[in-house]
Structure formats: C-alpha cells, structure tokens
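Coordinate inspection notes
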Amino acid sequence: MKIDVLTLFPSMFAGPLDQSIVKRARENGLLELTIHNLRDFTHDRHKTVDDKPFGGGPGMLLKPAPIFEAVESLVDDSTRIVLLAPTGRTLTQAVVRELARYPHLLLVCGSYEGVDERVRAGLADDELSIGDYVLTNGALPAMVVIDAVTRLLPGALGDAESPDEESFSQDLLEYPQYTRPADFRGMKVPEVLLSGNHAEIAKWRSEQSRLRTLQRRPELMNKNSGTNSVPQTNESDL
Ligand code: 4H3
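Residues numbered from 1 in each chain as written. Predicted model: local features only at pLDDT ≥ 70, side-chain atom pairs only at ≥ 80, totals over all residues. Heavy atoms only, no water.

1. Details of the sheet that holds strand 7 (residues 126-129)
Note the following rule: In short, DSSP must find at least two bridges between two strands for them to pair. A run of DSSP states H or I qualifies as a helix once it reaches four residues; a run of E qualifies as a strand once it reaches two. Both are numbered from the N-terminal end. Simply put, an axis is a line fit to the C-alpha atoms, just over the touching stretch for a helix, and the angle between two N-to-C directions goes from 0 to 180 degrees. Every residue pair with non-hydrogen atoms within 4.5 Å of one another is taken to be in contact.
Read from one edge of the open sheet, 5 strands run 2-1-6-5-7, paired in parallel fashion. Of all the strands in the sheet, the pair left with one neighbour each is strand 2 (32-37) and strand 7. Shown here is a sheet whose adjacent strand axes are inclined to one another by a mean of 30 degrees, direction ignored. Where strand 5 (residues 79-90) lies against strand 6 (residues 104-109), 6 bridges are found, and the strand directions are parallel. Residue Thr79 lies in a different strand from strand 6, and its bridge partner there is His104. Lying over the sheet, helix 2 (residues 64-74) contacts strand 1 (2-7), strand 2, strand 5 and strand 6, oriented at roughly 165 degrees with respect to strand 6.

2. Points about helix 5 (residues 139-150)
What counts here: Multiplying 1.5 Å by the helix residue count minus one yields the expected span of that helix. For every residue, the accessible area (1.4 Å probe, protein chains only) is compared with the maximum for its type, and the residue is labelled buried under 20%, exposed over 50%, or partly exposed between those bounds.
A rise of 1.5 Å per residue sets the reference length of helix 5, with its 12 residues, at 16 Å; its end C-alpha atoms lie 16 Å apart and thus fit the reference within 8%. Judged by how many residues are buried, helix 5 sits mostly within the fold: 9 of 12 residues are covered. Those residues of helix 5 that fall on the buried side of the exposure criterion are Ala139, Pro141, Ala142, Met143, Val145, Ile146, Ala148, Val149 and Thr150. The elements touched by buried residues of helix 5 are strand 1, helix 1 (20-27), strand 2, strand 5, helix 3 (93-99) and strand 6.

3. Structural notes on the side chain of Asp4
Operational definition: Positive: Lys, Arg. Negative: Asp, Glu. His and the chain ends are not part of the count. Any carboxyl oxygen of Asp or Glu within 4 Å of a side-chain nitrogen of Lys or Arg constitutes a salt bridge here. For the purposes of these results, a polar contact is taken to be a pair of N or O atoms within 3.5 Å, where, inside protein, one atom must be able to donate a hydrogen and its partner to accept one; residues adjacent in sequence count only when each atom of the pair is a side-chain atom.
Relative to the helices and strands, Asp4 is located in strand 1. Of the buried charged residues, Asp4 lacks a salt bridge, with Lys2 as the closest side chain of opposite charge at 4.1 Å. In this structure the side chain of Asp4 is engaged in a polar contact, spanning 2.6 Å, whose partner is the side chain of His36. At a separation of 2.7 Å, a polar atom in the side chain of Asp4 contacts the side chain of His104. The contacts of Asp4, once residues within four sequence positions are left out, are Thr34, His36, Leu74, His104, Leu105, Leu106 and Leu107.

Don't take any of this as a statement about function, it's just geometry.
Here is the structure:
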C-alpha cells in the first residue's frame, strides 16, 4: 500500500510513524509512505497557502490552487483522495478495513479555519473525521488513519498480534485479559482461564465481550441485526 500525505506541518509526522509496527511495515516495504509539504506547491515568493473567506468571517482558509496542483501531481488511476476534517464521516474500524483495500491513499490535511469548499466538491473522494472534536490541523487525524490502516495490511502484524480477536473485529469490545501472576495483590484471575478447558474459555470470553459491550457501548450491540452474521444478545442472556 502506498500512502501520500499533503500537510502544512510535515515535521509533525516524524516520530509516531517511525516506531513499532508502522516502522516495521515501512522497512518491509508493506507501506510506502511519503509526506509532502503543501507549501512546495505554491509559486509566489511568500509560498502563500491561505486566504480570507469570501463573505467575511474569522481566520483564513486553505486556497484551492496549491491543493489541486499537489493532488494532481500525486494521483494515479488507483488513488483514493481523502480529506481529514471534522465535517467528514466518522472513522470506525469498518471504515479502516475499507481504506486498507485501496492500493493508494492520498490524505489531505486541513489547516487554519478549513479548506476552500471546492477541494471537497471537486477533488476529494471521501472526507473522514476521527471524532467529534476540532484539532488545529489534520495531521494527527492523518496519522491515526495511517496507523489503523497499516496494522491491517497483510503481514504487518506478527502471528502473535492477530487483528481477528480484538475490540471491534466482530463489532464488539474485547474481553478482559490477564497475564501472570494468577493472584496480584489479592486480585485473582478468573478460574476458567486457568482451567485449560478451551471450549469453556471461548464461551466465557464471548460472554464477557457481549456483557462489556452491552454495559459500556450499548449502541454497538445488534448492529448486525438482520444480517444474521452475529447472534443477537439480550441482557437476560448474560
Ligand atoms: C480533522 C481536522 C479535527 C479533525 C481538524 C477530526 C483544521 C480541519 C480546520 C483541521 C480544518 C478546522 N480537526 N476530527 N482540523 O478528524 O481545516 O475545522
């Protein structure tokens, strides 16, 4: 997978993407990541990327021309152009799975008060938000997308790091997990996990997943109603 990022703050990307699983994916060639400075696509002496909004109002907007020029120089037929902004559809694990199937993502980070609407209407294929809050620019959301997508690329996780059993993989929260010691300061590991009975352990984990989701994130329950892909859960079952 190739990911290009267009940002006014390229140096923000040093660090988070040079560690751990993303670092390894880049080294292995699973992820080919390039960060581009939007200012490199200006032509005036001051490298102007922003301007005042028509109709008045506070702050500055990203001008369309540098973004269009940058995107046009970076795309090919397979590119998915994604704008990161609070007005986008919310990033979920289902959206991450969708993104991970594209061969090339081009992430466009907003800055200042936002971007000229023609970037949305005439350029972006999709617009994503990482949640209902406003950040100073789209660099952190872009890094969140890159991190979440990278760990789904085939071969990015080791055998011990499977994405199949974690929270959201079945659209439920993860069950509680324990490591040694079996008794830590009087807090004991549930007996079933020490039993060696794998069928009982699987059943306990599934119940815990459903119970935890029902208690903490009830809106995630029965999301698959009608598709028959997940058994229905009622509180009385648990
Ligand atoms: C994305 C971008 C939050 C998110 C962002 C998010 C600055 C976009 C400006 C930049 C606009 C504010 N904040 N929730 N900030 O994913 O260009 O609207």
